[in-house]
Amino acid sequence: MNIKELAIKHNDYIIERRRFYHTIPELSHEEFKTTESLVKDLEEMGIEVTTFPDFTGLIGLIKGGKAGKTVALRADIDALPVEEKTGLSFASKNPGKMHACGHDAHMSMLLGAAKILVDLKSELEGNVKLIFQGAEEIAYGAKYIMEKGYLDDVDAVFGMHIWGTLDAPLISFESGDRMASCDIFKLKIKGSATHGSSPHLGKDAIVAAASIVMNMQTYASRMNDPLNPIVVTIGTINGGERFNIIADYVEMDGTTRTYSRETRNSLESDLRKIAEDTARALACEAELEYTYLTGPVINEYDKINQIAQNAAIKLYGEESLTKMEKIMGSEDFAYYMEKIPSFFGFLGTVNKEKGIKYTNHHAEFTVDEDVLHRGSALYAQFAMDFLKED
Ligand code: NI
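Computed from a prediction, not measured in an experiment: that's the story for all the values here.

Chemist: I'd like a description of the overall build of the protein chain, backed by residues and values.
Modeler: The secondary structure content of the protein chain amounts to ten helices and 15 strands. The C-alpha atoms of the protein chain give a radius of gyration of 24 Å, which matches the 21 Å a tight globule of 390 residues would have. Counting only C-alpha atoms, the protein chain reaches 80 × 45 × 45 Å along its principal axes. Within the protein chain, the proportion of its 390 residues that are buried is 56%. Excluding contacts between residues fewer than 6 apart, the proportion of contacts in the protein chain whose partners are at least 24 apart in sequence is 81%. Carbon and sulfur atoms provide 50% of the accessible area of the protein chain, an area that totals close to 16,800 Å².

Chemist: Explain the pattern of salt bridges residue by residue, including any values.
Modeler: The tally for this structure, following the rule as stated, stands at 28 salt bridges. Among the ionic pairs, Arg74 bridges to Asp76, the shortest N-O distance being 3.8 Å. For the pair formed by Arg74 and Asp76, the shared burial category is buried. Between Asp368 and Lys354 there is a salt bridge, with its nearest N and O atoms 2.7 Å apart. Residue Asp368 is located in the loop between strand S15 (342–350) and helix H10 (372–388), and its partner Lys354 is located in the loop between S15 and H10; the two are separated by 14 residues in the primary sequence. When salt bridges that share partners are traced, they join Arg18, Arg19, Asp104 and Glu369 into one network.

Chemist: Could you give an account of the environment of Met337, with specific residues and numbers?
Modeler: Among the structural elements, Met337 can be located in helix H9 (residues 334–339). Judged by relative accessible area, Met337 falls into the buried class, the value being 2%. Here Met337 is in contact with Val297, Ile298, Asn299, Tyr301, Ser342, Phe343 and Phe344, once residues within four sequence places are set aside.

Chemist: Report on the side chain of Glu369, specifying residues and quantitative values.
Modeler: With respect to the secondary-structure elements, Glu369 resides in the loop between S15 and H10. At a separation of 2.7 Å, a polar atom in the side chain of Glu369 contacts the side chain of Arg19. Apart from residues no more than four positions distant in its own chain, Glu369 is found in contact with Ile15, Arg18, Arg19 and Phe90.

Chemist: Before we move on, could you go through the side chain of Arg374 and cite the residues and values that matter?
Modeler: Of note, Arg374 is situated in helix H10. Buried within the structure, Arg374 lacks any salt-bridge partner; Glu319 is the closest side chain of opposite charge, at an N-O distance of 7.7 Å. The contact partners of Arg374, leaving out residues within four places of it in the chain, are Pro169, Tyr316 and Ser320.

Chemist: Kindly report on the sheet that holds strand S4 (residues 125–133), identifying the contributing residues and their values.
Modeler: The seven strands are arranged S1-S2-S4-S3-S5-S15-S6 in an open sheet whose pairing can be described as mixed. Pairing within the sheet leaves two strands with one partner each, and these edge strands are strand S1 (48–52) and strand S6 (171–172). Across nine bridges, the pairing between strand S3 (residues 66–76) and S4 is parallel. Across the sheet, the residue bridging to Asp76 is Gln133, located in S4. Sitting on the sheet, helix H8 (residues 302–316) touches strand S5 (156–167), S6 and S15, and the angle it makes with S15 is about 35°. The strands touched by H10 within the sheet are S3, S4, S5, S6 and S15, with S3 carrying the most contacts at an inclination of about 150°.

Chemist: Tell me about helix H2 (residues 11–23), residues and numbers included.
Modeler: Across its 13 residues, H2 extends 19 Å between first and last C-alpha, which sits within 8% of the 18 Å expected from 1.5 Å per residue. Every buried residue belonging to H2 is among Asn11, Ile14, Ile15, Arg17, Arg18, Tyr21, His22 and Thr23, and all of these are buried.

Chemist: Residue-level account of the sheet that holds strand S13 (residues 285–294), with values.
Modeler: Within the open sheet, the four strands sit side by side as S10-S12-S8-S13. Their pairing is antiparallel. Lying at the two open borders of the sheet, with one neighbouring strand each, are strand S10 (230–239) and S13. On average, each strand axis in the sheet is tilted by 20° relative to the strand beside it, whichever way the strands run. The pairing of S10 with strand S12 (residues 249–258) spans nine bridges and is classified as antiparallel. Across the sheet, the residue bridging to Thr233 is Thr255, located in S12. Seen against the sheet, helix H6 (residues 205–223) touches strand S8 (182–190), S10, S12 and S13 and runs at an angle of roughly 170° to S10. Along the sheet, helix H7 (residues 261–281) makes contact with S8, S10, S12 and S13, crossing S13 at roughly 165°.

Chemist: An account of the nonpolar core is needed here, citing residue identities and associated values.
Modeler: Leu73, Val128, Leu130 and Phe132 are the most contacted members of the largest nonpolar core, which has 64 residues in total. Ranked by the residues each element gives to this core, the list is headed by H10, at ten residues. What Leu73 contacts, discounting residues up to four positions off in sequence, is Leu110, Leu117, Val128, Lys129, Leu130, Ile131, Phe158, Tyr379, Phe382 and Ala383. Listed in part, the 27 residues of the second largest apolar core include Phe52, Leu151, Met324 and Phe346.

Chemist: Let's hear about the layout of surface pockets: which residues, and what values?
Modeler: Any space left empty among the atoms is revealed by the rolling of a water-sized probe across them. Empty space within the largest pocket amounts to approximately 380 Å³. Around the largest pocket sit 23 residues that line it, and Glu137, Met179, Gly329, Ser330 and His361 are the ones nearest its centre. Examining the composition of the lining of the largest pocket, we find that four residues originate from one element, S5, more than from any other. Tallied by class, residues from the lining of the largest pocket come to eight nonpolar, ten polar and five charged.

Chemist: Tell me about helix H4 (residues 103–119), residues and numbers included.
Modeler: Along its 17 residues, H4 runs 24 Å from first to last C-alpha, staying within 8% of the 24 Å computed at 1.5 Å per residue. Most of H4 is tucked away: 14 of the 17 residues are buried.

Rules behind the numbers
- Residues numbered from 1 in each chain as written.
- Predicted model: local features only at pLDDT ≥ 70, side-chain atom pairs only at ≥ 80, totals over all residues.
- Heavy atoms only, no water.
- Helix = DSSP H or I, 4+ residues; strand = E, 2+ residues; numbered from the N terminus.
- Rg over C-alpha atoms; globule rule 2.2 N^0.38 Å.
- Buried < 20%, exposed > 50% of the residue type's maximum accessible area, 1.4 Å probe, protein only.
- Contact = heavy atoms within 4.5 Å.
- Areas by Shrake-Rupley, 256 points an atom, 1.4 Å probe, with all protein chains shown as cover.
- Salt bridge = Lys/Arg side-chain N within 4 Å of Asp/Glu carboxyl O.
- Polar contact = N/O pair within 3.5 Å; in protein donor to acceptor, adjacent residues only side chain to side chain.
- Lys, Arg positive; Asp, Glu negative; His and termini not counted.
- Pairing = 2+ DSSP bridges.
- Axes fitted to C-alpha atoms, helices over the stretch in contact; angles between N-to-C directions.
- Expected span 1.5 Å × (residues − 1).
- Core = buried A, V, L, I, M, F, W, Y, C linked by side-chain atoms within 4.5 Å.
- 1 Å grid on protein atoms, 1.4 Å probe; cavity = no way out; pocket = protein on both sides within 12 Å on 5 of 7 lines; lining within 4 Å.
- Points joined across faces, edges and corners; volume = space filled by probe spheres on them.
- Nonpolar A, V, L, I, M, F, W, Y, C, P; charged D, E, K, R; others polar.

And the structure:
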């Protein structure tokens with residue numbers, strides 16, 4: 001049997017596993033039951049498993065029949081703090097938690113790929129590492145795995161995301177920019193309080209905060225090249241005690257997104273300057289705390305791009321590939337890409353006839369299960385083909 005046929009052979013298993021993991025969603029850093037079940041699933045296939053001493057998730061290792069390179073296939077395993085409203089028979093059993101980003105689908109696809117690769121073990125010209133990565137939603141897991149050296153022997157990493165704006169069963173395996181960076185910041189604005197009827201006797205932190213918000217939007221529209229997409233969003237603003245007291249303190253939280261590594265490097269100092277100078281002009285003080293989360297996901301390795309695209313064509317024909325606009329959302333897969341030639345693709349799951357139409361992170365998000373075995377085949381085909389290349 002070829003990979004496509006093997007994926008269909010394992011279809012029932014793949015769907016059964018997806019439903020099982022869907023019932024037990026766990027948040028980032030809490031994926032204990034998920035990890036335990038994944039270890040069991042892989043060990044039942046005779047796959048060697050490495051767990052982490054101080055982190056959830058695991059890495060499985062399939063040793064091929066022939067010597068060669070090592071390729072890694074990655075699925076993320078954490079869920080979101082969302083109350084599920086799908087009404088599915090296998091809906092979340094953990095109140096307030098849901099696999100609303102499709103990471104349940106990713107796990108089942110990679111388990112399916114593991115089955116296929118075990119079937120084809122004797123033909124494998126090298127080793128395959130199966131990364132079941134925790135804490136993607138908070139951009140922790142990929143950084144941990146890279147920094148601890150678990151992928152030091154890996155020559156390429158391949159990952160996919162099931163996508164809620166793309167029609168099933170289309171595949172977006174495109175070169176270039178795919179997902180933006182994501183960094184976060186906190187702004188603390190200090191003024192001094194006085195009676196609201198005599199603002200000149202105090203320093204109004206709310207007015208300073210409002211000006212900072214507006215100047216940051218102006219930075220995005222006036223000081224950044226319009227052809228270079230960036231997002232500066234202030235998502236929270238808190239301050240003040242009473243309607244007639246001038247506020248002495250305001251706190252705000254925000255995020256930045258960009259594809260340009262150069263812009264990413266200058267955003268922190270640019271935003272700090274705007275915050276500090278704007279506050280100073282209004283007799284207040286501003287402090288910016290900036291935290292780097294994850295870089296952009298850019299498919300920039302020509303050879304790897306080609307292997308991924310050819311894998312899809314080989315399995316499902318040219319017509320299976322589609323074009324999807326890049327997105328300002330982010331993925332911590334970027335950490336692998338920064339050090340190892342890697343590829344990240346998207347798998348469409350929208351199927352309006354089946355009522356599957358909600359985007360990732362929505363309380364009614366679900367996936368078209370008929371695409372899952374294709375995901376397994378794509379993982380397996382990429383691994384086989386990459387290992388075959390010189
Ligand atoms: Ni996700």
